[in-house]
Amino acid sequence: MADRPRYTHTQLSQFFNRIGLPEGQRVFSVAALADSEKLEYLTVLVKHALVRIPFENLTQHYSWHRTVNVRLQHLFRKIVLPAAEGDIGGRTGEEDEGKPARGGYCMENNSLMHTVLLSLGFTVFMAGARVYKNGRYGGFSHCVNIAIIKGERYMLDIGFGANGPTSPLRLVPGAERQHVKDAPARVRLIRGPIPQQVYQGCQVWIYQHCIDPTVTGTRTEQEWMPLYCFVDFEFLLEDIHGMNLSPWRSPTSFFTYRVMLARFTTDLEVNTNANIEGRNGEGEREGGGPGQASEKAVSEGNIDGVLLLFHDTLKWRRGGETRLEIRFENEDQRVEALRRYFGIVLDKEDREAIRGTAGEIK
């Protein structure tokens, strides 16, 4: 425990600013909180992080170095600090000056959250996960956090994107929870082996998603689909550094050839009237999407949707329905969407880095 990094009081304040946590809700140590208050505070932190910190893989496409660095002080500089705040655990290169804060993928966002929770006094550890794809589980290429409150374990994940859990999930087999407000989709955890294991006596936790578990859904919609499985013992920072090579460098990872972003939205976010020029779908008549979440929208609202950008398409799913769909015809339109919906501004050098690659919109 002694060598595990922590963030300072100043850095925690900057993190709270980043996720839009109101001053009156900020607690810098959970030691004096009752167990129920700890869980409530943990749930608030997860909601704010999911709405304010995008899940994204832009470093692999819009940077000249394409290096995904999961060291904790770098993650703080990248995700939390605007460049203007300088050197308080901050940026040191002039090339970063003026850039707003960013997001990251699983190893980045969950590593940052892990250190924040440790710094606040939570009992928490990171665990490795295997993502389910094309009918089978891959190797360890994802990670989650597991917090322990009054002897109960809770899984939280702010780095899986649109289908990830939107609140801490207690490690209880079969307990279902609504994914987002006003949508039929449910999520749950089950406990058991995965088919690829030679020895079926080894059990893991499996995170599942169901589009519509009611009798009115189609057969496909009623099916509980595994998204990933995870273990419930601690992975070290060294394990995270090793696992990071898979989403970062693997030729079979879609992260390496497609741009992807997601952030959750709340029921207090409203459509704007401005649309990005492009090929718009049915959502065009409802406005141009929610823009960026205000402090009030994230602190007082409930998660009811997700903004998802995948390659040349932006969708806003809300209450289980598509409210907006825009197809980008060129790079300028996608770059403008990054600014408008995710608060990410790319400088000229980063914008040029994608030219000629598989991720470019041509």
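Conventions and cut-offs
- Residues numbered from 1 in each chain as written.
- Predicted model: local features only at pLDDT ≥ 70, side-chain atom pairs only at ≥ 80, totals over all residues.
- Heavy atoms only, no water.
- Helix = DSSP H or I, 4+ residues; strand = E, 2+ residues; numbered from the N terminus.
- Buried < 20%, exposed > 50% of the residue type's maximum accessible area, 1.4 Å probe, protein only.
- Contact = heavy atoms within 4.5 Å.
- Areas by Shrake-Rupley, 256 points an atom, 1.4 Å probe, with all protein chains shown as cover.
- Pairing = 2+ DSSP bridges.
- Axes fitted to C-alpha atoms, helices over the stretch in contact; angles between N-to-C directions.
- Parallel < 35°, antiparallel > 145°, perpendicular 65-115°, else oblique.
- Nonpolar A, V, L, I, M, F, W, Y, C, P; charged D, E, K, R; others polar.
- Phe/Tyr/Trp six-rings, centres within 6.5 Å; stacked < 30°, edge-to-face > 60°.
- Salt bridge = Lys/Arg side-chain N within 4 Å of Asp/Glu carboxyl O.
- Expected span 1.5 Å × (residues − 1).
- Polar contact = N/O pair within 3.5 Å; in protein donor to acceptor, adjacent residues only side chain to side chain.

Participant: Before we move on, could you go through the overall build of the protein and cite the residues and values that matter?
Facilitator: A count of helices and strands for the protein gives 10 helices and 14 strands. The proportion of buried residues among the 362 residues of the protein is 53%. A fraction of 64% describes how many contacts in the protein between residues 6 or more apart in sequence connect residues 24 or more apart. Total accessible area on the protein stands at roughly 16,300 Å², and carbon and sulfur atoms take up 49% of it.

Participant: Which residues make up the sheet that holds strand β7 (residues 186-192), and what are the values?
Facilitator: Across the sheet, 8 strands lie side by side as β5-β4-β3-β2-β9-β8-β7-β6; this open sheet has antiparallel pairing. For this open sheet the edge positions go to β5 (169-170) and β6 (176-178), each flanked by a neighbour on one side alone. Of the pairings in the sheet, the one linking strand β3 (residues 136-149) to strand β4 (residues 152-156) comprises 5 bridges and is antiparallel in character. Paired with Ile148 across the two strands is Arg153, which belongs to β4.

Participant: Help me get a handle on the packing of helix α3 (residues 72-80) against helix α4 (residues 106-120), residues and values and all.
Facilitator: Contact pair α3 / α4: the axes reach a minimum separation of 10 Å and the direction vectors enclose 105°. It follows from the interaxial angle that α3 and α4 lie roughly perpendicular. Contact residues: Leu72, Leu75, Phe76, Lys78, Ile79 and Val80 in α3; Met107, Glu108, Asn109, Ser111, Leu112 and Thr115 in α4. The class makeup of the residues in the contact of α3 with α4 is 7 nonpolar, 3 polar and 2 charged.

Participant: I'd love a proper account of the packing of aromatic side chains, names of residues and values included.
Facilitator: For the structure shown, the criterion picks out 13 aromatic pairs. Taken together, a centroid distance of 6.0 Å and an interplanar angle of 55° make the contact between Phe55 and Phe255 tilted. Taken together, the positions of Phe55 in strand β1 (residues 55-56) and Phe255 in the loop between α7 (245-249) and β10 (260-266) put the pair 200 residues apart, joining distant regions of the chain. By relative accessible area, which is 6% here, Phe55 ends up buried. Residue Phe255 is classed as buried on the basis of its relative accessible area, which comes to 9%.

Participant: How would you summarise the pattern of salt bridges if you had to cite specific residues and measurements?
Facilitator: Pairs can form between side chains of opposite charge whenever their charged atoms are close. Tallying each qualifying case throughout the model produces 16 salt bridges. Residue Lys78 is joined to Glu108 by a salt bridge in which the shortest nitrogen-to-oxygen separation is 2.7 Å. One end of the pair, Lys78, is in helix α3; the other, Glu108, is in helix α4, and 30 residues separate them in sequence. For Arg191, the salt bridge identified is with Asp232, shortest N-O distance 3.7 Å. A residue pair is termed long-range when its members are at least 10 positions apart, and Arg191 in strand β7 and Asp232 in the loop between β9 (225-230) and α6 (237-243) qualify at 41 residues.

Participant: Could you give me a rundown of unusual backbone geometry, with the residues and numbers involved?
Facilitator: Phi angles above zero are rare outside glycine, and Asn134 is one such case at about 55°. Note that Asn134 resides in the loop between β2 (123-133) and β3. With a phi angle near 55°, His311 is a residue other than glycine that sits in the positive phi range. Checked against the element boundaries, His311 lands in the loop between β12 (303-310) and β13 (313-318).

Participant: Would you mind going over helix α9 (residues 331-342) in detail, with residue names and values included?
Facilitator: Think of an α-helix as 3.6 residues a turn; residues three or four steps apart then line up on the same face. Taking 1.5 Å per residue, 12 residues should reach 16 Å; α9 reaches 16 Å between its end C-alpha atoms and fits that length. Where burial is concerned, most of α9 is hidden: 9 out of the 12 residues are buried. Of all the positions in α9, only Glu331, Gln333, Arg334, Val335, Ala337, Leu338, Arg340, Tyr341 and Phe342 are classed as buried. Residues of α9 that are buried sit in contact with β10, β12, β13, β14 (321-327) and α10 (348-352). The backbone nitrogen of Asp332 lies 3.2 Å from a side-chain oxygen of the residue at the head of α9, namely Asn330. Gly343 lies just past α9 and shows a positive phi near 70°.

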